[in-house]
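These are the residues of each chain, in order.
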Amino acid sequence: MDLTYVEKAHNVLNEVNAVVLGKKAETAEIMTAFLANGHVLLEDIPGVGKTTLATAFSKAMGMDCKRVQFTPDVMPSDLTGFSVYRREEEKFVYQEGSVFCNILLADEINRTSPKTQSALLEVMEERKVSVDGITRPAPDPFLVIATQNPSGTTGTQLLPEAQIDRFMITLTLGYPDYQSELEIARTAGAGTRTDKVQTVITREDFLLMQQQIHEIYVKDVIYDYIIKLITATRNHPYIERGASPRATIALVKTAKAYAWLQGRHFVIPTDVIAQLPYVLFHRLSLNMAAKTSGSQRQDILNDILRRTPQPYLGTSS
């Protein structure tokens, strides 16, 4: 484990936090998901800085960023690309779609058609695009920050559970605090906030960081703890459908990335606990008993954590 790269990762966060004010916990969690090579789902109202967030991350890490505003008329080919016949060359030429970038901001994903959502889903899962029988790899890394409007908002539809499960974590930015919004107001009209973001790492640096995540050590008792937590979601009386094995993988990866960001080469139980809500919130389907009792997802996760004993790691790790 090279602590120099940990320091570089925190330099990225410093640059992002200089323009996305008052959201240090949220930006750190997004960085954790990126390091774990996962996609992020934000459920938020418009205007809280999601585009600024994606742009700041891409600029600080020297990566290409694109934004797609999802509306009902966005077609799958807008994402994956299409072939155009060029008469002067007497052949079809492939035109790349929006997914050919390092960081894709998929804005208001729950406003577009299921067919377009499925096209994005394929690239997110496979990290490749198939057009006209030819498969092309997406850039490395390929990371998605997708946003969806709160359920029930005009013009939206619920994302299929299969697609929601493809996102490693979900979180909400929410409104800024008073001091942060005051600073935003003071600097309004002084140019784009992301103009002052400096590139502090390269794409190659980031790929090396992702490789280091794989080297983080996890004891068998930690793996056992993770499995027990995931299994508990499948047996809880307030949960209709518990977390899938993909959630197990996501929890392992994010716990490793979180430990790495803390400068440790091993995972401890608090790493798992810190990542549990982000990984599981969007994967839990509550039943009628939960809704009748007024139980929220966080209440249920707290109950699961309380009932699942933390492993003892001993005096050495």
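Here, the structure is the one placed above.
Owing to the predicted nature of the structure, the values given are computational and were not obtained by experimental measurement.

On to unusual backbone geometry. Pro 141 follows Asp 140 through a cis peptide bond whose omega is 5°. One can find Pro 141 in the loop between strand E7 (134–137) and strand E8 (143–148). Located in the positive-phi region is Asn 37, a residue other than glycine, with phi close to 65°. Inspection of the secondary structure puts Asn 37 in the loop between helix H2 (24–35) and strand E1 (40–43). Take Asn 37: its relative accessible area is 30%, and that puts it in the partly exposed class. The phi dihedral of Arg 127 falls on the positive side, at around 55°, and the residue is not glycine.

Attention now moves to the packing of helix H1 (residues 3–17) against helix H8 (residues 203–214). Put simply, H1 and H8 touch, their axes get as near as 10 Å, and they point 120° apart. With respect to H8, the axis of H1 lies oblique. In this structure, H1 crosses over H8, and the sense of that crossing is left-handed. Residues Tyr 5, Lys 8 and Ala 9 of H1 form the contact with H8, whose own contacting residues are Asp 205, Leu 208, Met 209 and Gln 212.

Next up on the list: the sheet that holds E1. Taken together, the five strands give an open sheet; going across it, the order is E2-E5-E8-E1-E9, and neighbouring strands pair in parallel fashion. Both outer strands of the open sheet, strand E2 (65–69) and strand E9 (169–171), are each paired with one neighbouring strand and no more. Across this sheet, the average inter-strand angle for adjacent strands is 15°, counted without regard to direction. With three bridges joining them, E1 and E9 adopt parallel strand pairing. Bridge assignment links Leu 42 to a residue of E9, and that residue is Leu 171. Helix-sheet contacts for helix H3 (residues 50–60) involve E1, E2, strand E5 (103–107) and E8, and the interaxial angle to E5 is about 175°.

Here we come to the pattern of salt bridges. Opposite charge on two side chains permits them to pair, given that their charged atoms come into close proximity. Throughout the structure, instances matching the rule amount to 13 salt bridges. Here Lys 8 ties to Asp 205 by a salt bridge, and the two come within 3.8 Å at their closest N and O atoms. Within this pair, whereas Lys 8 is found in helix H1, its partner Asp 205 is found in helix H8, the two being separated by 197 residues in sequence. Of the residues examined, Lys 8 reaches a relative accessible area of 23% and is grouped as partly exposed. The class of Asp 205 is buried, set by a relative accessible area of 13%. The shortest N-O distance in the salt bridge between Asp 165 and Arg 246 comes to 2.6 Å. Of this pair, Asp 165 sits in the loop between helix H6 (161–164) and E9 while Arg 246 sits in helix H10 (residues 245–261), and the two are 81 residues apart along the sequence. Among the ionic contacts, a cluster of salt bridges with common partners joins Glu 125, Asp 165, Arg 166, Arg 246 and Arg 283.

Let's shift gears to the packing of aromatic side chains. In the structure shown here, the tally under the stated rule is three aromatic pairs. Ring geometry for Phe 34 against Phe 57: centres 5.5 Å apart, planes inclined by 75°, an arrangement best described as edge-to-face. One end of the pair, Phe 34, is in helix H2; the other, Phe 57, is in helix H3, with 23 residues separating them in the sequence. As far as the burial class goes, Phe 34 and Phe 57 line up, both buried. Ring geometry for Tyr 94 against Phe 100: centres 6.2 Å apart, planes inclined by 75°, an arrangement best described as edge-to-face. For the pair formed by Tyr 94 and Phe 100, the shared burial category is buried. In this structure, Arg 264 is placed above the aromatic ring of Phe 266, and the distance from its NZ or CZ to the ring centre is 5.8 Å.

Basis of the calculations
Residues numbered from 1 in each chain as written. Predicted model: local features only at pLDDT ≥ 70, side-chain atom pairs only at ≥ 80, totals over all residues. Heavy atoms only, no water. Helix = DSSP H or I, 4+ residues; strand = E, 2+ residues; numbered from the N terminus. Buried < 20%, exposed > 50% of the residue type's maximum accessible area, 1.4 Å probe, protein only. Axes fitted to C-alpha atoms, helices over the stretch in contact; angles between N-to-C directions. Parallel < 35°, antiparallel > 145°, perpendicular 65-115°, else oblique. Left-handed = near helix turned anticlockwise from the far one by under 90°. Contact = heavy atoms within 4.5 Å. Pairing = 2+ DSSP bridges. Salt bridge = Lys/Arg side-chain N within 4 Å of Asp/Glu carboxyl O. Phe/Tyr/Trp six-rings, centres within 6.5 Å; stacked < 30°, edge-to-face > 60°. Lys NZ or Arg CZ within 6 Å of the ring centre and 35° of its normal.

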